[in-house]
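As a plain string of letters, each chain reads:
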Amino acid sequence: MNRYSGLLTDLYELTMAGGYVQTGFEATSTFELFARHLPARRNYLVAAGLEQALTFLENVRFTAEEIDFLRRNAVFRHIQSEFFDYLAGFRFTGDVWAIPEGTIVFPGEPLLRITAPIAEAQIFETYLLAMLSYQTMIASKAARVSTAADGRQVVEFGARRGHGAEASLLAARAAMIGGCAGTSNVLAGLRFGVPVYGTQAHSWVMAHDRESEAFASFLDAFPDNATLLLDTYDVHNALREIITMGRKPAGVRLDSGDVAKDSRWVRRQLDRAGWKDVKIFASGDLDEYRIAELLRRGASIDAFGVGTALATPGDAPHLNMIYKLVEVDRGGKIWEAAKLTRAKITYPGRKQVFRHTNSAGEFRFDRVAIEDEPAPGAKPLLVPVMRGGQRVGPPDSIDAARERCSSGLARLPKTCRQIRHAAVYPVRYSKRLKDLLENVRERVRRSALK
């Protein structure tokens, strides 16, 4: 299978590309990708997925088999051979500007801007939306979960809940960007170079005749890093057996029951045994709200394992990201493009996002503006990442993206990063951008009257 197949798109992207080639519509286009609005109960997003998007753009191809498949499709029966010849030599030749992974972003702010021949740029809509939307969704959830954990480690446990094997790998990667300390997904550890963590399942305990035997055998196999599961039968009895054995584990895990109450009891018993360095790990259908409630109740927990809520966040299972044409250049004649329907208005023109901060470095507000507008003292967020189909620098590391997220969250006003009842961060649009939208509206109105 061609991992970088140009067929990883919706059919209508290819029919439009075919139409552009067949009708000789030659133009350089600019598209921008952004979230239209935030999901309910969310107050920011964490940009993620850019690395996979750029890798795809570098490597996308159409094989002979794939082109033959399109030739046989009835939709293309009247399309001339020039289009299929075009696909045979297809390469991405455009420029890309993007907001680096790990950056805190908001609705209306382009995460990515692509300028390329219009047939080229059109084909990538589906893949770019899928990749950036999914990972941004996961990274944003991970940031909220990590914020709720208040400095305690969070490990991504969602491999078994991901919507397919590849999704589970990307979820692990995005969760790391959002602040997780590691993942249970071993292949993600290899592919992305991130820490992997694991304990034991209830089946290990149930497979042995006695609970003490299960614990002893696991300690024999993993004497330096065993984390023992306490709640297969009874938390109190399990911990007493471990302490009576006199064999100190690296940690213990609570996966069910009254975790707040049990964790406080477990901590007291461990401390009385002189095992103050034994960590207490909690898991079991956790999310940012449950974690915050556990800590509010005084739970004594050192680390959390979060699976379902990260790999398949039920409160925001998708982001309303869109990929919209904002500029067309036909032989040097440039016009800006915008969608004008009342419920789905988009702003025209190539844009930049400027972040304004106060003297302490705290974010004050963002301003979306035309790319060349002056913005004294503000930081432009979009940076060039590809020119002429080639990267302008080496890939960003997950550690760099993770640090960018952590730093951004620390600089986001506290009222905007609360888990509940967060304030809305201000995003403004420049007057020149608003005027440009009105110019497009008037141009379209005049054209309709001709």
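First things first, this report covers the structure right here in the doc. Values in this document were obtained by computation on a predicted structure and should not be read as measured data. (Residues numbered from 1 in each chain as written. Predicted model: local features only at pLDDT ≥ 70, side-chain atom pairs only at ≥ 80, totals over all residues. Heavy atoms only, no water.)

1. Let's talk about the packing of aromatic side chains
To keep things clear, this is the line we draw: Classification of ring pairs uses Phe, Tyr and Trp, with its six-membered ring standing for Trp, and accepts pairs whose centres are within 6.5 Å; under 30 degrees between planes counts as stacked, over 60 as edge-to-face, and the remaining range as tilted. Under the DSSP-based scheme used, a helix requires at least four consecutive residues in state H or I and a strand at least two consecutive residues in state E, with every element numbered from the N terminus. Note on exposure labels: buried denotes an accessible area under 20% of the residue type's maximum, exposed denotes more than 50%, and partly exposed covers the range between, all computed with a 1.4 Å probe on protein chains only.
Under the definition given, this model contains 18 aromatic pairs. With centroids separated by 5.8 Å and ring planes inclined at 50 degrees, the aromatic side chains of Phe 90 and Phe 124 adopt a geometry described as tilted. One end of the pair, Phe 90, is in the loop between helix H4 (81-88) and strand S3 (95-98); the other, Phe 124, is in the loop between helix H5 (118-123) and helix H6 (125-149), with 34 residues separating them in the sequence. Like Phe 90, the residue Phe 124 is buried in the burial classification. Aromatic pair Trp 204 and Phe 218: ring centres 5.3 Å apart, planes at 70 degrees, arrangement edge-to-face. Of this pair, Trp 204 sits in helix H9 (residues 202-206) while Phe 218 sits in helix H10 (residues 211-221), placing them 14 residues apart in sequence.

2. Topic: the sheet that holds strand S10 (residues 279-282)
Using the following cut-off: Two strands qualify as a pair provided DSSP detects at least 2 bridges between them.
Pairing in this open sheet of six strands is parallel, and the strands run S7-S6-S11-S10-S9-S8 from one edge to the other. Strands with a single pairing partner mark the edges of an open sheet, and in this sheet they are strand S7 (182-183) and strand S8 (227-229). Where S10 meets strand S11 (residues 303-306), two bridges bridge the pair, whose relative direction is parallel. Its bridge partner being in S11, Phe 281 is matched across the sheet by Ala 303.

3. Topic: the sheet that holds strand S5 (residues 112-117)
Strands pair in a sheet through their backbones, by hydrogen bonds, and they do so in one of two ways: parallel or antiparallel. Spelled out, the test is: Here, residues are in contact when the closest pair of their heavy atoms is within 4.5 Å. Axes, fitted as lines to C-alpha atoms, cover a helix only where it is in contact. Angles between the N-to-C directions of the axes lie from 0 to 180 degrees.
Taken in spatial order, the seven strands of this open sheet run S13-S12-S1-S5-S3-S17-S18, and their pairing is antiparallel. Since the sheet does not close on itself, it has two edges, and those belong to strand S13 (333-336) and strand S18 (390-391), each with one partner. Alignment of strand S17 (residues 383-387) against S18, held across two bridges, turns out to be antiparallel. Across the sheet, Met 386 pairs through a bridge with Arg 391, a residue of S18. Here H6 sits on the sheet in contact with strand S1 (28-35), S5 and strand S12 (321-330), set at roughly 140 degrees to S12.

4. Quick word on the pairing of S1
Among the eight residues that make up S1, seven are buried, leaving the element largely enclosed by the rest of the structure. In this structure, S1 lies alongside S5, joined through six bridges in antiparallel fashion. Its bridge partner lying in S5, Thr 30 is registered against Thr 115. Relative to S12, S1 is paired through eight bridges, and the arrangement is antiparallel. Considered in S12, the bridge of Glu 32 is made with Lys 324.

5. Structural notes on H4
One turn of the α-helix equals 3.6 residues, which is why residues spaced by three or four share an orientation. Note the cut-off: Arc, as used here, means the arc of the directions from the helix axis to the C-beta atoms.
Inspection of H4 places Phe 83, Phe 84 and Leu 87 among the buried residues, and these make up the whole buried set. One face of H4 carries all of its buried residues, which in axial projection span an arc of 95 degrees. Buried residues in H4 make contact with helix H1 (11-22) and helix H3 (64-72).

6. As for the environment of Ala 121
Within the secondary structure, Ala 121 sits in helix H5. Dropping the residues within four chain positions of it, Ala 121 is found in contact with Ser 29, Phe 31, Ala 116 and Tyr 323.

7. Brief notes about the packing of H1 against H4
The packing of two helices is summarised by the inter-axis angle and the distance between the axes. To keep it simple, the criterion reads: In this scheme, roughly parallel covers angles under 35 degrees and roughly antiparallel covers those over 145, while 65 to 115 is roughly perpendicular and the rest are oblique. In this scheme the crossing of two helices becomes right-handed for a clockwise turn of the near helix relative to the far one and left-handed for an anticlockwise turn of less than a right angle. Nonpolar residues are Ala, Val, Leu, Ile, Met, Phe, Trp, Tyr, Cys and Pro. Charged residues are Asp, Glu, Lys and Arg, and all others, Gly as well, are polar.
Between H1 and H4, whose axes approach to 9 Å, the crossing angle comes to 115 degrees. In this view, H1 runs roughly perpendicular relative to H4, as classed from their interaxial angle. The interaxial crossing formed by H1 with H4 has right-handed handedness. Two secondary-structure elements touch here, H1 through Leu 14, Ala 17, Gly 18 and Val 21 and H4 through Glu 82, Phe 83 and Tyr 86. Per-class residue counts for the contact of H1 with H4 are five nonpolar, one polar and one charged.

8. Concerning the pattern of salt bridges
Worth spelling out the cut-off: Whenever a carboxyl oxygen of Asp or Glu lies within 4 Å of a side-chain nitrogen of Lys or Arg, that contact is scored as a salt bridge.
For the structure shown, the criterion picks out 27 salt bridges. Put simply, Lys 141 and Glu 288 hold a salt bridge, and the shortest N to O gap is 2.7 Å. Placement of the pair is Lys 141 in helix H6 and Glu 288 in helix H13 (residues 288-296), with a sequence separation of 147 residues. The partner of Arg 367 in a salt bridge is Glu 373, and the shortest N-O contact between them spans 3.4 Å. For the pair shown, Arg 367 and Glu 373 are each scored as buried. Among the charged side chains, a salt-bridge network with shared partners connects Arg 42, Lys 141, Arg 144, Glu 288 and Asp 315.

9. Remarks on the state of the cysteines
Basically, it comes down to this: Note on disulfides: each one is a pair of cysteine sulfur atoms within 2.5 Å.
Inspection of the entire model under this criterion finds zero disulfides. Between Cys 405, a cysteine without a disulfide, and Cys 180, which holds the nearest cysteine sulfur, the sulfur-to-sulfur distance is 10 Å. Looking at Cys 405, the relative accessible area reads 1%, which means it is buried.

10. Brief notes about unusual backbone geometry
Look at Asp 285: it is not a glycine, yet its phi comes out positive at around 55 degrees. Within the secondary structure layout, Asp 285 lies in the loop between S10 and H13. Phi is positive for His 421, which is not a glycine, with a value near 55 degrees. With relative accessibility at 76%, the residue His 421 sits in the exposed group.

By themselves, these figures tell us nothing about what the structure is for.
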